[in-house]
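The primary structure of each chain is shown beneath.
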Amino acid sequence: MESLEVPSHQHERSLERRGIGKALVVGILAAGLLAVSLVALTGIQAGRSPAERAATSLAMPIALIWLLLFAGTIACFIRRRVPLATLFALAWLTVGIVFNGSVAGRCLRSLEYPAASDPAANLESTLDAVVLLGGYAADNRFEVPQLGHDGQRLLFAAQLWHAGKTKTLISTGTATGDARDPSLIGRELLTSIGVPDHVIFEVPGVNTDAEMVNLKAFFEDPPDQWLQLVGATRDQFSAGPQAGGPSIGLVTSAVHLSRAMRLADKRGLNFTPLGCDFNGRPAGRFEFRDLIPSSGAGRTFAVALKEQLARIVGR
């Protein structure tokens, strides 16, 4: 009897392996069909060039993971492994949502500081200062300052000065570790695009809240050079940047501006919000290639999630 059981078990294991192999093949074919369908539908909807971009997007790591999760979902359902299939399906949906450009763009837009028009166009008089919050640049491996994802902040602040919208600029930020301070990097980059060094001032701060604390101290006891540039006396600004005091603009990315203004208000600072870097995506026509997940969309979603968490915890 024992000699008959061994071949029987081997036969069952062989059938099991074949069943798994067939299920995986079907799953991979289903994922391939999904990819081909997205490229084809994009081509029908928008033309050849968008279809080629869709094909390229599908070859990127995040999209490949998404397709493999879809293949795993199909394979597990074929094998009737319902709990495992459900886990694969949930993972597939999660990647598809978190790394979806349309979803991420709309989340970002909902958190951007509301602006009916271009913030700079609403300035009717010259500001005494524009605060440029750090976090938009860092030294590269050659120790040369280089703009990051939020580099529009620096360009916007420089444009405001060149357009005569502000008398001075205040660069903020303190680095951790061995990196150079963002306030110093900001000064270096601003001067490189034509802003005079003597109109730039620096304020430290390892995060936005710390920057607001130090900005409050700066305006309560401003340097004599700053007072001369804005044409005011120390007595005029002794109460800090309240109504009737200095006119101060605050430049940062639109999605970060709500938090920055909230923290400024917490410290009793009265700033004019000057948002830039409006990357939120409005609702538009559906495109099939929007279904393809991407790492860029994941970063956008992470930025929106960070700001939402900061709002929840009051930071």
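Note: the structure precedes this text.
Since we're looking at a predicted model, the values are computed, not measured. (Residues numbered from 1 in each chain as written. Predicted model: local features only at pLDDT ≥ 70, side-chain atom pairs only at ≥ 80, totals over all residues. Heavy atoms only, no water.)

Focus on the packing of helix H8 (residues 208-220) against helix H10 (residues 254-266)
Defined as follows: Fitted lines through C-alpha atoms give the axes, limited to the stretch in contact for helices. The angle between two N-to-C directions lies from 0 to 180 degrees. Note on conventions: DSSP H or I runs of at least 4 residues are helices, E runs of at least 2 residues are strands, and numbering of each starts at the N terminus. Geometric relationships in this document are graded by angle, where less than 35 degrees denotes roughly parallel, more than 145 denotes roughly antiparallel, 65 to 115 denotes roughly perpendicular, and other angles denote oblique. Handedness of each helix crossing follows the sense of rotation of the near helix against the far helix: counterclockwise by less than a right angle gives left-handed, clockwise gives right-handed. Only heavy atoms matter for contacts: two residues are in contact if any of them lie within 4.5 Å across the pair.
Contact geometry of H8 with H10 gives a least axis separation of 9 Å together with a crossing angle of 45°. With respect to H10, the axis of H8 lies oblique. Along this stretch, H8 crosses H10, giving a crossing that reads as right-handed. Within the contact between the two elements, H8 uses Thr208, Asp209 and Met212 and H10 uses His256, Arg259, Ala260, Leu263, Ala264 and Lys266.

A word on helix H2 (residues 48-58)
Filter applied, for reference: Each residue is placed in one exposure class: buried if its accessible area under a 1.4 Å probe, protein chains only, is under 20% of its type's maximum, exposed if it is over 50%, and partly exposed if it falls in between. Arc, as used here, means the arc of the directions from the helix axis to the C-beta atoms.
Of the residues making up H2, those classed as buried are Pro50, Ala51, Ala54 and Leu58. Along H2, the residues classed as buried sweep out an arc of 100° about the axis, all on the same side.

Focus: a nonpolar patch on the surface
Heads up, the rule is: Any residue with relative accessible area above 30% and no salt bridge may belong to a patch, with like charges joined within 9 Å and the nonpolar Val, Leu, Ile, Met, Phe, Trp and Tyr side chains within 5 Å. We get accessible surface area from the Shrake-Rupley algorithm with a probe of 1.4 Å; when it comes to residues, only the shown protein chains can shield them. For this document, the term salt bridge refers to a Lys or Arg side-chain nitrogen within 4 Å of an Asp or Glu carboxyl oxygen.
Where nonpolar side chains cluster on the molecular surface, the patch consists of Leu84, Leu87, Leu90, Leu93 and Ile97 and spans about 470 Å² of accessible area. Mapped onto the secondary structure, Leu93 falls in helix H4 (residues 82-98).

Observations regarding H8
Note the cut-off: An expected span of 1.5 Å times one less than the residue number is assigned to each helix. Here a polar contact is taken to be a pair of N or O atoms separated by no more than 3.5 Å, where protein atoms must pair a possible hydrogen donor with a possible acceptor and residues adjacent in sequence count only if both atoms sit in side chains.
Under the 1.5 Å per step criterion, the end-to-end length of H8 is 18 Å for 13 residues, consistent within 8% with the ideal 18 Å. Listing the buried residues of H8 in full gives Thr208, Asp209, Glu211, Met212, Leu215, Phe218 and Phe219. You can read the cap of H8 off the contacts: a side-chain oxygen lies 3.3 Å from the backbone nitrogen of Asp209, and it is on Asn207.

Some points on the nonpolar core
Side chains of a nonpolar character, in soluble globular proteins, are inclined to be buried together. Threshold: Throughout this description, the term nonpolar core refers to a set of buried Ala, Val, Leu, Ile, Met, Phe, Trp, Tyr and Cys residues connected via side-chain atoms within 4.5 Å.
With 23 residues, the main nonpolar core has Ile170, Met212, Leu215, Phe219, Trp226, Leu250 and Phe271 as its most contacted residues. Elements with a minimum of two residues in this core: strand E1 (129-132), strand E5 (200-203), H8, helix H9 (224-230), strand E6 (248-253) and H10. No other element matches H10, which puts 5 residues into this core. The residues touching Met212, leaving out its near neighbours within four places in the chain, are Leu133, Leu250, Ala260, Leu263, Ala264, Arg267, Leu269 and Phe271. Counting 22 residues, the second largest nonpolar core, distinct from the first, contains Leu132, Tyr136, Val195 and Val251.

Some points on the environment of Asp221
In this structure, Asp221 sits in the loop between H8 and H9. We classify Asp221 as exposed; its relative accessible area is 54%. With 13 residues separating them along the chain, Asp221 and Arg234 place their C-alpha atoms 7.7 Å apart.

Looking at the pairing of strand E7 (residues 271-276)
Sheet faces and side chains relate simply in a regular strand, where the side chains alternate between the two faces. Just so we agree on the cut-off: A pair of strands is labelled paired if DSSP reports no fewer than 2 bridges between them. Every crossover in which the path from the first strand over the helix to the second runs clockwise, viewed with the strands pointing away from the viewer, is termed right-handed.
Here 6 bridges tie E6 to E7, and the two strands are oriented parallel to one another. Each bridged residue has a counterpart across the sheet, and for Thr252 the counterpart in E7 is Gly275. For the crossover that starts at E6, traverses H10 and ends in the parallel E7, the hand is right-handed.

Notes on unusual backbone geometry
Backbone phi values are negative for most residues with the exception of glycine, while trans is the configuration of most peptide bonds. Non-glycine residue Arg80 carries a positive phi angle of around 60°. With respect to the helices and strands, Arg80 occurs in the loop between helix H3 (61-78) and H4. Residues other than glycine seldom take positive phi values, yet Glu143 does so here, at roughly 65°. Tracing the backbone shows Glu143 in the loop between strand E2 (137-139) and strand E3 (145-147). Of the residues examined, Glu143 reaches a relative accessible area of 66% and is grouped as exposed.

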